[in-house]
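Observations on the model geometry
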Amino acid sequence: MSQLIFTNNGQGLDMDKTKDKIFGFNQKFNDSPDSKGIGLYLVYKHITSLGGKISVNSPPNEWTEFVISFKE
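Residues numbered from 1 in each chain as written. Predicted model: local features only at pLDDT ≥ 70, side-chain atom pairs only at ≥ 80, totals over all residues. Heavy atoms only, no water.

1. Structural notes on the overall build of the protein
This is how the line gets drawn: In this text, helices come from DSSP runs of H or I with a minimum length of four residues, and strands from runs of E with a minimum of two, each type numbered from the N-terminal end. Each radius of gyration is computed over the set of C-alpha atoms, and the globule rule expresses the reference value as 2.2 Å times the number of residues to the power 0.38. Each residue gets one of three labels from its accessible area relative to the maximum for its type: buried under 20%, exposed over 50%, partly exposed in between, using a 1.4 Å probe on protein chains only. In this description, contact between two residues means that some pair of their heavy atoms is separated by no more than 4.5 Å. Note that accessible areas follow from Shrake-Rupley with a 1.4 Å probe, and for residues the cover is restricted to the protein chains shown. Think of it this way: Lys and Arg go in the positive column, Asp and Glu in the negative one, and His and the chain ends go nowhere. In plain terms, the charge of a residue is placed at NZ if it is Lys, CZ if Arg, CG if Asp and CD if Glu.
The helix and strand inventory of the protein stands at two helices and three strands. Across the protein, helices and strands are ordered from the amino to the carboxyl terminus as β-α-α-β-β. For 72 residues, the compact-globule estimate of 2.2 N^0.38 gives 11 Å, and the C-alpha radius of gyration of the protein, at 12 Å, lies within 12% of that figure. The dimensions of the protein, computed from C-alpha atoms along their principal axes, are 35 × 25 × 20 Å. When burial is assessed residue by residue, the protein has 25% of its 72 residues classed as buried. Within the protein, residue pairs in contact and separated by at least 24 positions form 52% of the contacts whose partners lie at least 6 positions apart. Accessible surface, the protein as shown: approximately 5,300 Å² in total, 50% of it carbon and sulfur. Distance between charge centres in the protein, computed from 8 positive and 8 negative side chains, equals 9 Å.

Structure, rendered in structure tokens:
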């Protein structure tokens, strides 16, 4: 599988609290007025509809890494 990896140095996520919600529709994990809660949902739905996978690694208050694996 080919992979695309995104890492940021943002707020990070508490994965124990968000792991079942992170790709859900209208889920927001910060109070930013720019946050709409649909971006990760749309990416997840698109990638999985094509047979791919997306995973998240995010220590709280440190960074977040998204790994998108594409079906060959």
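2. What to know about the sheet that holds strand β1 (residues 2–8)
For sheets, the rule is that strands pair by backbone hydrogen bonds, running either parallel or antiparallel. Note the following rule: At least two bridges found by DSSP between two strands are what make those strands a pair. Here the axes come from fitting lines to C-alpha atoms, over the contacting stretch only for helices, and the angles between their N-to-C directions go from 0 to 180 degrees.
With respect to topology, three strands assemble into an open sheet ordered β1-β3-β2, the strand pairing being antiparallel. What marks the edges here is a single partner per strand, and that holds for β1 and β2 (53–57). Sheet twist, expressed as the mean angle between neighbouring strand axes with direction ignored, is 15°. Where β2 lies against strand β3 (residues 64–70), five bridges are found, and the strand directions are antiparallel. Directly across from Ser55, in β3, lies its bridge partner Val67. Packed on one face of the sheet, helix α2 (residues 39–49) meets β2 and β3 and runs near 25° to β3.

3. A look at the environment of Leu4
For Leu4, the location among the structural elements is in strand β1. Under the relative-accessibility criterion, Leu4 is labelled partly exposed at 38%. As for Leu4 and Gly37, which are separated by 33 residues in sequence, their C-alpha atoms are 22 Å apart.

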